[in-house]
Amino acid sequence: MLRLETFGGLVLTAGGVECPQPRRRLAVLARLAAPGALGVSRDELHATFWPERDVVAARHSLDQLLYETRRALGASPTAGTGTLRLDPGVITSDVADWTAALQRGDLAAAAALCR
C-alpha cells in the first residue's frame with residue numbers, strides 16, 4: 001500500500017520506505033489528496049500544472065504524467081475519468097486521515113497527524 005505524506009513535507013512511501021518521485025508527480029498526487037472523494041477535474045489540473053499550454057498539449061501532459069505514475073508505482077493511484085481522485089485501495093494519505101479524524105470529532109488524532 002502506498003502512503004502520501006503531505007504535512008511537514010511531501011513524501012510517497014511504500015511499506016514505510018520512501019519512493020522518490022519527481023516533484024510534479026508528487027504535486028499532482030497532493031492536489032488529488034486534498035479534496036478526497038470529491039476529486040479534481042482534469043480541466044482544473046490542466047490549468048494548475050500546465051497553464052502555458054493549450055488544451056490539447058495540457059491534456060497530453062496530464063495523460064503522460066498519469067501513465068508514467070502507473071508504470072513507476074506498479075499500480076494506478078488514481079480513480080475516475082473526467083474527475084480524478086486518489087484510489088484508496090492503492091494509496092492512502094495523511095490528508096484523508098486528518099479529514100476523517102475531524103469528521104468524527106477526534107481532535108487528538110487530527111492534531112497527531114499535523115507536523
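The coordinates are above.
Residues numbered from 1 in each chain as written. Predicted model: local features only at pLDDT ≥ 70, side-chain atom pairs only at ≥ 80, totals over all residues. Heavy atoms only, no water.

1. Examining the environment of E44
Here's step 1: In this fold, E44 is placed in helix 2 (residues 42-49).
Here's step 2: C-alpha of E44 to C-alpha of E5: the two residues are 39 residues apart in sequence and 22 Å apart in space. (Helix = DSSP H or I, 4+ residues; strand = E, 2+ residues; numbered from the N terminus.)

2. Brief notes about helix 3 (residues 55-73)
Every α-helical turn comprises 3.6 residues, leaving residues that sit three or four positions apart pointing alike.
Here's step 1: For helix 3, built from 19 residues, the straight-helix expectation of 27 Å at 1.5 Å per residue is met to within 8% by its first-to-last C-alpha distance of 27 Å.
Here's step 2: Within the sequence span of helix 3, burial applies to A58, S61, L62, L65, L66, T69 and L73. Burial along helix 3 is one-sided: seen end-on, the buried residues are contained in an arc of 130 degrees. Of the exposed residues in helix 3, the ones pointing more than 90 degrees away from its buried face are V56, H60 and R71.
Here's step 3: Its buried side turned inward, helix 3 meets strand 1 (2-5), strand 2 (11-14), helix 1 (23-33), helix 2, strand 5 (78-79) and strand 6 (83-86).
Here's step 4: Between the side-chain oxygen at the start of helix 3 and the backbone nitrogen of V56 there is a gap of 3.0 Å, and the oxygen is on D54.
Here's step 5: Note on helix 3: the residue one or two positions beyond its end, G74, has a positive phi of about 80 degrees. (Expected span 1.5 Å × (residues − 1). Buried < 20%, exposed > 50% of the residue type's maximum accessible area, 1.4 Å probe, protein only. Arc of directions from axis to C-beta. Contact = heavy atoms within 4.5 Å. Polar contact = N/O pair within 3.5 Å; in protein donor to acceptor, adjacent residues only side chain to side chain.)

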